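Spelled out from the first residue to the last, the chains are:
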There are 2 protein chains.
Amino acid sequence: MFFGKKKWDPQGKHCYVTGGSTGLGLALSILLATKGAHVTIVARTENKLQAALKEIEAARQYPEQQFRYHSFALDTADASAQAIQAECDANGGRAPDAFFLCAGSARPSFFIEETEATMLNGMESAYWIQAWSALAATKKLVQQKQKGNIVFVGSVVSFMSFIGYSSYSPGKHALKGLAETLRSELLLYGIDVHIFFPPTMKTPGYEIEMQTKPAVQKKIEETDDGITPEQGAAAIIKGVEKGQHQIAADLITNLFRSSSRGSAPMNHLFLDQIYDIITWIATPIWRRGVDKSILAHRKEHEEYLTKQGFFSKST
Amino acid sequence: MFFGKKKWDPQGKHCYVTGGSTGLGLALSILLATKGAHVTIVARTENKLQAALKEIEAARQYPEQQFRYHSFALDTADASAQAIQAECDANGGRAPDAFFLCAGSARPSFFIEETEATMLNGMESAYWIQAWSALAATKKLVQQKQKGNIVFVGSVVSFMSFIGYSSYSPGKHALKGLAETLRSELLLYGIDVHIFFPPTMKTPGYEIEMQTKPAVQKKIEETDDGITPEQGAAAIIKGVEKGQHQIAADLITNLFRSSSRGSAPMNHLFLDQIYDIITWIATPIWRRGVDKSILAHRKEHEEYLTKQGFFSKST
C-alpha cells in the first residue's frame, strides 16, 4: 500500500452492477468498461437497460470484453438470487468477481406523515434491495469456493441523520452495519467487503427525492453542492483498488466517517485523526445551526399540519 | 446541568414500557415504580404480564400510583398504535408522558445460513418492534399537543459489528439512525428522544441468543461479562434524567459511542474526547485480534459447512 500497489484491478474482471441503468450505477459501469472490466448491469426496466448498454458499449476497450444486462426487480431475496443465477448462466456457470450494489432510492418526509407502508418501502429501497443481492452473492461465491468483492452504496446518512430522513437514514445505517458485519465474517471466505458513502449526488434519483423533501430539510441542505455520479464512480473504484472498507468522496463525508468509526478500519492513520478532531468542533456548531432552523420552523410547521387536517383526524 | 438539575423526573409521570414483562423492560418498570412513576407494561403473553405486574406492585410508593398492562404483539404499526390507544383509553384519553421501547431480541447466525425469512425476522425484532411504537407515540403526542420522551433500546452493535450479527446489527444500526433523525425532527414538537446502547445483558433473551450463536462468535465475546438488567435500567433512568440523547452503561459502549458520534450530541465534553482518543489505539488492536480468530477458524468452518451439506445443495 505504501508503494501504491493496487489491491484490486478491474481489468478482465466480471463486474455485476445493480442499478446499472442510471445515475451512479451507470457512471460506474462506464468507468469499469473503460478500465477493461466485463460489465453486467441489472435493473428493472428493459428499455433503460438497453439504452445504458449502448453507453457502456461506447467505452469498450477490446473485442472480447463482455457487456450484458438482466432485467430483474431486486426487492426480494428470490429475485435477487435469480438475477445472479442468470448472470452465472450467461458466463458458463461462473459467478461475477465483483458485485457493485448501486440500486436504491430515497423519499424524504416528515415522520408523522409516514405510514407502515412508506416506512417499509423506505427500508426496502435503502437496505433490502442491496442486502438481498449481498446474501445471494455470498452464497454463490462460497459455494463455488471463489473469492470476490462486494461493494455496497450507503450514504452520508449511514453515519448521522437529521429531520426528514426517518424512512431513509435507518436503512442506510443498517447497510453500514451489514457491511461492517460482513467485512469481519466474510474473512472466512476471502471475500472483501466495501461500502461507499456518497453525499448529495445529482442523479435522476435525486430529482425524485426533491419532490417530497420538506422545505425545512431543503433549507438545511441548501449549501450542499454534492458530487456528480462520475465523481462518485471514480471514488468507488479508487477505494476498492486501495482495499478500503469505508469509501468516501468528499470532505463532509470524510469528517463524519472519521468520527463514526465503529469497528471499521480507517483509511489514513493521521488524516483520519485530523478529520476526527475537526468534528469535535465542527459537528456541534453545525448541529446547533440545524436545531435552530428546526425550532424556527415550528410555527410554520404547525400551520402546515393544521392545513393538512392532522389535528382533526384520528391517528 | 452543571448544578445537577434534573431534566426529567419519573415522579408522577405515566411511563409506557414495551417488553415490560421480562429482562430489561421489567427491571426498568420496577425501578420507575420505585421512583414514583405510573407504569404500564406491554408485551405479548398475558400470564407473563400478570406475573410482572405483581413484581411492579411490590415497588409501589403511594396508593394513587397506577400500574397496568396491555397484551399486544407489537410487530405491526397497527397493533402498536392499538396498544397505545388502549393505554390512552385507560387513562382518560391522555397519552403517556414517556415511552420506553424495550421490546426486541437477537438470533445470531452465519450470514450464509440466513434466509429471506430470518433476515426479515431479525429486522422486525431489532428495529420495527420499536419503530412502530415510536411512530404511533409521535402521532399521538403531536395530535394531543403534548410533550414527552421516547426512549429506544439499541445495542453496542448499533455502533459497530462483527461476525454473526448480520441479521441483528443492521436493525440496531437502523435504530440509532431513527433515534438521531427523531432527536432532530421532534424538536418541532418538544418531544425528547433518547437511545440506550446496552452491552451484553444477562436476560432471558440472552439465553435464547446463546442457543444459535456460532462458536467462533462466542469465543470473541467470551471476555465480555456484560451488565445485569438492573444496571441497564439504572443507566437508562440516569441518562434520561440528565437529558442525554445517547446513553451508555459501561466502558466498552462509551468507547464505541464516543468514536461513532455521527451528528449526535455528546455527554461529557472532555471525557468523550478521551474515550475517542483511546479507541484510536484500542479498536485496531481489538479488531486485529478478532480478525485473527476468524481466520484461524476458516478450516473448522469449511468442515462445518461440508457437514451441513452446503457445498452440495443448490443456492
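Cut-offs applied
Residues numbered from 1 in each chain as written. Chains lettered and ligands numbered in written order. Predicted model: local features only at pLDDT ≥ 70, side-chain atom pairs only at ≥ 80, totals over all residues. Heavy atoms only, no water. UniProt positions renumbered as here; feature names shortened; annotations may be inferred. Patch = residues over 30% accessible without salt bridge, like charges linked within 9 Å, V, L, I, M, F, W, Y side chains within 5 Å. Areas by Shrake-Rupley, 256 points an atom, 1.4 Å probe, with all protein chains shown as cover. Salt bridge = Lys/Arg side-chain N within 4 Å of Asp/Glu carboxyl O. Helix = DSSP H or I, 4+ residues; strand = E, 2+ residues; numbered from the N terminus. Buried < 20%, exposed > 50% of the residue type's maximum accessible area, 1.4 Å probe, protein only. Contact = heavy atoms within 4.5 Å. Buried area = accessible area lost by both parts, 1.4 Å probe. Polar contact = N/O pair within 3.5 Å; in protein donor to acceptor, adjacent residues only side chain to side chain. Nonpolar A, V, L, I, M, F, W, Y, C, P; charged D, E, K, R; others polar. Pairing = 2+ DSSP bridges. Axes fitted to C-alpha atoms, helices over the stretch in contact; angles between N-to-C directions. Expected span 1.5 Å × (residues − 1). Arc of directions from axis to C-beta. Right-handed = clockwise from strand over helix to strand, strands pointing away. Least-squares fit on C-alpha atoms with pLDDT ≥ 70 in both.

- As annotated in an unreviewed UniProt entry, chain A is 3-dehydrosphinganine reductase from Sistotremastrum suecicum HHB10207 ss-3.
- If you open the UniProt record of chain A and go to Subcellular location (unreviewed entry), you find "Endoplasmic reticulum".
- Taken from UniProt, the Function (unreviewed entry) comment for chain A reads in full: "Catalyzes the reduction of 3'-oxosphinganine (3-ketodihydrosphingosine/KDS) to sphinganine (dihydrosphingosine/DHS), the second step of de novo sphingolipid biosynthesis."

Overview of a nonpolar patch on the surface
Residue and element names in this part refer to chain A.
Part 1 of the reasoning: Residues Leu271, Ile274 and Ile278 make up a contiguous nonpolar surface patch of about 240 Å² in total accessible area.
Part 2 of the reasoning: If you trace the backbone, Ile274 turns up in helix α10 (residues 269-296).
Part 3 of the reasoning: Take Ile274: its relative accessible area is 46%, and that puts it in the partly exposed class.

A look at the interface of chain A and chain B
Part 1 of the reasoning: Taken residue by residue, the interface counts 82 residues in chain A and 82 residues in chain B.
Part 2 of the reasoning: Summing both sides of the interface, chain A and chain B together bury roughly 6800 Å²; the carbon and sulfur share of this comes to 62%.
Part 3 of the reasoning: Together, A:Phe111, A:Leu188 and A:Trp280 form the three largest contributors to the area buried by chain A at its contact with chain B, with a combined 12%.
Part 4 of the reasoning: Connecting chain A to chain B are six salt bridges.
Part 5 of the reasoning: The residue A:Asp291 makes a salt bridge to B:Arg183 at a minimum N-O spacing of 2.9 Å.
Part 6 of the reasoning: Remark: the boundary between chain A and chain B carries 46 residue pairs in polar contact (both at pLDDT 80 or more).
Part 7 of the reasoning: A total of 15 residues in the side of chain A that touches chain B trace back to one element, the largest contributor, which is helix α4 (residues 116-143) of chain A.
Part 8 of the reasoning: Of the residues in the side of chain A that touches chain B, the class split is 38 nonpolar, 26 polar and 18 charged.

Points about the sheet that holds strand β6 (residues 191-197) of chain A
All names here are of chain A.
Part 1 of the reasoning: In spatial order, the strands read β3-β2-β1-β4-β5-β6-β7; together these seven strands make up an open sheet with parallel pairing. If you trace the sheet from one side to the other, it starts and ends with β3 (67-71) and β7 (246-248), each paired once. Across the sheet, the mean angle from the axis of one strand to that of its neighbour is 20°, orientation sign disregarded.
Part 2 of the reasoning: Packed onto the sheet, helix α2 (residues 46-57) meets β2 (38-43) and β3 and runs at close to 165° relative to β3.
Part 3 of the reasoning: Those strands touched by helix α3 (residues 77-90) are β1 (14-18), β2, β3 and β4 (98-101), and its axis lies near 150° from that of β3.

Looking at helix α2 (residues 46-57) of chain B
Residue and element names in this part refer to chain B.
Part 1 of the reasoning: Here α2 is 12 residues long and its end C-alpha atoms lie 16 Å apart, about the 16 Å a rise of 1.5 Å per residue gives.
Part 2 of the reasoning: Turning to α2, its buried residues number three or more, namely Leu49, Ala52, Leu53 and Ile56. Looking straight down α2, one finds its buried side chains confined to an arc of 105°; they lie on one side. Exposed and facing more than 90 degrees away from the buried side of α2 are Asn47 and Lys54.
Part 3 of the reasoning: For α2, the secondary structure elements touched by its buried residues are α1 (23-34), β2 (38-43) and β3 (67-71).

Here we look at the pairing of β3(B)
Residue and element names in this part refer to chain B.
Part 1 of the reasoning: Alignment of β2 against β3, held across five bridges, turns out to be parallel. Bridge assignment links Thr40 to a residue of β3, and that residue is Arg68.
Part 2 of the reasoning: The parallel pair β2 and β3, bridged by α2, forms a crossover whose chirality is right-handed.

Remarks on the relation of the copies chain A and chain B
Part 1 of the reasoning: Between chain A and chain B, the superposition needs a rotation of 180° and an axial shift of 0.0 Å, giving an RMSD of 0.0 Å. Those values place the two copies in the arrangement expected of a two-fold rotation axis. Considering only C-alpha atoms, the part of chain A nearest the rotation axis is A:Ser260, at 1.7 Å.
Part 2 of the reasoning: The overlap is high: 100% of the interface residues of chain A also sit at the interface in chain B, so the same surface is used on both sides.

Comments concerning the pattern of salt bridges
Residues and elements named next belong to chain B.
Part 1 of the reasoning: For the structure on display, the rule yields 32 salt bridges over all chains.
Part 2 of the reasoning: Two residues, Arg44 and Asp75, come together in a salt bridge whose shortest N-O distance is 3.8 Å. Taken together, the residues span a long stretch of sequence, with Arg44 in the loop between β2 and α2 and Asp75 in the loop between β3 and α3 (77-90) at a distance of 31 residues.
Part 3 of the reasoning: Arg44 gets classed as exposed once you look at its relative accessible area, which sits at 54%.

A look at the side chain of B:His70
Part 1 of the reasoning: Here B:His70 shows up in strand β3.
Part 2 of the reasoning: For B:His70, the side chain forms a polar contact with the side chain of B:Glu87, separated by 2.8 Å.

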